[in-house]
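# Structural features, examined
Chain by chain, the residues:
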Amino acid sequence: MSESRSRRQVVILDSCFSGAFAEGMSAKDVGTIDIREQLGGEGRAVLTSSTSTQYSFEEKGQDLSIYTRFLVEGIKSGEADPDRDEFISIDELHEYASQKVRKVQPAMKPEIYAIREGFKIRLTKVAQGDPRQRYRKEVARFIHRGEISFVGRRTLDVLKTRLGLETTEAKAIEDGVLEPYRKDFGEKLQQYQQVFTELLERDETITDSDRHDLQNLQQILGLRNEDTMPIEALVTAQFKTHRQNLQTYQQAFTTALRQEFPLSMASRDRLRQTQQQLHFEGSGTI
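One structure accompanies this document, and this report is about it. (Residues numbered from 1 in each chain as written. Predicted model: local features only at pLDDT ≥ 70, side-chain atom pairs only at ≥ 80, totals over all residues. Heavy atoms only, no water.)

### Structural notes on the overall build of the protein
Put simply, the rule reads: The secondary structure listing takes helices from DSSP runs of H or I that are at least 4 residues long and strands from runs of E that are at least 2 residues long, numbered from the N terminus. Burial classes: relative accessible area under 20% of the type maximum marks a residue as buried, over 50% as exposed, and values in between as partly exposed (1.4 Å probe, protein chains only). By definition, residues are in contact when any of their heavy atoms lie within 4.5 Å. Here the open area of atoms and residues is found with the Shrake-Rupley method and a 1.4 Å probe, where only the protein chains shown may cover a residue.
On a plain count of helices and strands, the protein comes out with 9 helices and 7 strands. When each of the 286 residues of the protein is scored for burial, the buried share is 36%. Taking contacts inside the protein between residues at least 6 apart in sequence as the whole, the part at least 24 apart equals 73%. As presented, the protein carries roughly 17600 Å² of accessible surface, and 50% of it is formed by carbon and sulfur atoms.

### A word on a nonpolar patch on the surface
Keep this limit in mind: Only residues whose relative accessible area exceeds 30% and that take part in no salt bridge are eligible for patches, with like-charged residues grouped when within 9 Å of each other and nonpolar side chains (Val, Leu, Ile, Met, Phe, Trp, Tyr) grouped when within 5 Å. A pairing counts as a salt bridge when a side-chain nitrogen of Lys or Arg comes within 4 Å of a carboxyl oxygen of Asp or Glu.
On the surface, Val10, Ile12, Ile75 and Leu123 cluster together into a nonpolar patch covering about 270 Å² of accessible area. With respect to the helices and strands, Val10 occurs in strand E1 (residues 8-13). Val10 sits in the partly exposed class, given a relative accessible area of 31%.

### Comments concerning the packing of helix H8 (residues 225-259) against helix H9 (residues 265-277)
Under the convention used in this document: A fitted line through C-alpha atoms serves as each axis, taken over the contacting stretch for helices, and the angle formed by two N-to-C directions is quoted from 0 to 180°. Angles are sorted into four bins: roughly parallel if under 35 degrees, roughly antiparallel if over 145, roughly perpendicular if 65 to 115, and oblique for all others. Each residue is assigned to one of three groups, with Ala, Val, Leu, Ile, Met, Phe, Trp, Tyr, Cys and Pro labelled nonpolar, Asp, Glu, Lys and Arg labelled charged, and all others, Gly among them, labelled polar.
Contact geometry of H8 with H9 gives a least axis separation of 10 Å together with a crossing angle of 175°. Taken as axis vectors, H8 and H9 run roughly antiparallel relative to one another. Between H8 and H9, the contacting residues are Tyr249, Ala252, Phe253 and Ala256 on the first element and Leu271, Thr274 and Gln275 on the second. Of the residues belonging to the contact of H8 with H9, the class tally is 5 nonpolar, 2 polar and no charged.

### Notes on the side chain of Gln218
Along the chain, the position of Gln218 falls in helix H7 (residues 208-221). Assessed through its relative accessible area of 10%, Gln218 is described here as buried. Residues in contact with Gln218, not counting those within four places in the same chain, are Tyr192, Leu223, Arg224, Asn225 and Thr228.

### Concerning the packing of aromatic side chains
What counts here: Pairing of aromatic rings covers Phe, Tyr and Trp, the last through its six-membered ring, and needs centres within 6.5 Å; plane angles under 30 degrees mean stacked, over 60 mean edge-to-face, and all others mean tilted. Here, a charge over a ring is recorded when the distance from Lys NZ or Arg CZ to the ring centre is within 6 Å and its angle to the ring normal is within 35 degrees.
If you walk through the whole model with that rule in mind, you get 0 aromatic pairs. Here the basic side chain of Arg141 rests over the ring of Phe142, its NZ or CZ set 5.5 Å away from the ring centre.

### Digging into the pattern of salt bridges
According to the stated counting rule, one finds 9 salt bridges in the structure shown. For Arg136, the salt bridge goes to Glu79, with nearest N and O atoms at 2.8 Å. Residue Arg136 is located in helix H4 (residues 131-141), and its partner Glu79 is located in the loop between helix H2 (66-77) and strand E3 (87-89); the two are separated by 57 residues in the primary sequence. You can call Arg136 partly exposed: its relative accessible area is 24%. Among the ionic pairs, Asp91 bridges to Lys120, the shortest N-O distance being 2.9 Å. Linking Asp91 in helix H3 (residues 90-104) with Lys120 in the loop between strand E4 (111-116) and strand E5 (122-125), this pair joins segments that are 29 residues apart in sequence. The exposure class assigned to Lys120 is partly exposed, which follows from its relative accessible area of 48%. Among the ionic contacts, a cluster of salt bridges with common partners joins Arg153, Asp157 and Glu174.

### Structural notes on H2
The line we're drawing: Multiplying one less than the number of residues by 1.5 Å gives the expected span of a helix.
In this model, H2 (12 residues) spans 16 Å end to end at C-alpha, consistent with the 16 Å of a helix rising 1.5 Å per residue. Turning to H2, its buried residues number three or more, namely Ile66, Tyr67, Arg69, Phe70, Leu71, Glu73, Gly74 and Ser77. As for H2, its buried residues are in contact with E1, strand E2 (43-48), E3, H3, H4 and helix H6 (167-202). Among the residues trailing H2, Gly78 stands out with phi positive, at a value near 85°.

### Some details on the pairing of E2
Along E2, 6 of the 6 residues are buried, which leaves the element largely enclosed by surrounding structure. Side chains Gly43, Ala45 and Leu47 project from E2 onto one buried face, and the interleaved Arg44, Val46 and Thr48 project onto a second face that is buried too.

### A few points about the packing of H6 against H8
When two helices pack together, you describe them by how their axes are tilted relative to each other and by the distance separating the axes. Quick reminder of the rule: The handedness criterion is simple: a crossing whose near helix is rotated anticlockwise from the far helix by less than a right angle is left-handed, and one whose near helix is rotated clockwise is right-handed.
Direction vectors running N to C along H6 and H8 enclose 40°, while the axes themselves pass 10 Å from each other. Between H6 and H8, the crossing angle belongs to the class labelled oblique. Our pair here, H6 against H8, has a crossing hand that is right-handed. Within the contact between the two elements, H6 uses Phe185, Leu189, Tyr192, Gln193, Phe196, Thr197, Leu200 and Glu201 and H8 uses Asp227, Thr228, Ile231, Glu232, Val235, Thr236 and Phe239. Among the residues making up the contact of H6 with H8, the classes are represented as 8 nonpolar, 4 polar and 3 charged.

### Side note on the nonpolar core
The test is simple: Definition of nonpolar core: a set of buried residues of the types Ala, Val, Leu, Ile, Met, Phe, Trp, Tyr and Cys, connected through side-chain atoms within 4.5 Å.
The biggest cluster of nonpolar side chains holds 33 residues, and the ones touching the most others in it are Leu47, Tyr67, Phe70, Tyr135 and Leu156. Sorting the residues of this core by element identifies E2, H2, H3, H4, helix H5 (150-163) and H6 as the ones contributing at least two each. If one sorts the elements of this core by residue count, H3 sits on top with 6 residues. Apart from residues lying up to four places away in sequence, Tyr67 is in contact with Ile12, Leu13, Asp14, Leu47, Thr48, Ser49, Ala97, Val101, Met108 and Pro110. Of all hydrophobic cores here, the second largest spans 11 residues; its members include Leu200, Leu221, Leu223 and Ile231.

Below is the structure:
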């Protein structure tokens, strides 16, 4: 790279510890060509999927790694052009990919290293003229916690009409954009619910130490209190109902034994009916 006469260089590294590459880099300026109008800023920029001490990650079922997938998505869809100047610069692409990566894998921290005006090197011109692509780009802007925000919903309804898109066509675009976010967000919620449920099964009392560990898990999964509180309330309510039903069944079983021992078939039938009414599995009644 240092021997190259190019005044604008962009390097993208998607590997573990890729941030270590940028240490000690330098830029070369020979002043022989001026293509600022076409390519924008001058200098060198290096994008890395991780820091010098981090691993990079892949997703099961995906052909591309997490970082590369969002780089491609930002360029192909035009979503990495927040200022709407119809050009995607290196800093815009970095910001777009970084935000997307951290939503999917909070442990990753993509980095950008730039020399001189390297931050503003233009990578590509956003494709124009396709209303579907424009609608898709706007849908991505309004995604929040795996869903389209309230204001975004109203905005997209107006834009859909202006672009002349059919309702079914717009819905298909939205589902296509939302699917990976919904899946990822839903999986994180399920992971938290599973851990919280198993914790209550071991000990119904949440200690300060348990709460600290849950907060750490929440941060690693990239969830907020608003996401986890409904889960905890639901699981706690289910455990409370289960305890109450268990006590009711135990009382009925004890009463039956006091009245008749050993239990007759008629008494067992009545207990089974009580079990069904309380939605107990057979192994959870005694």
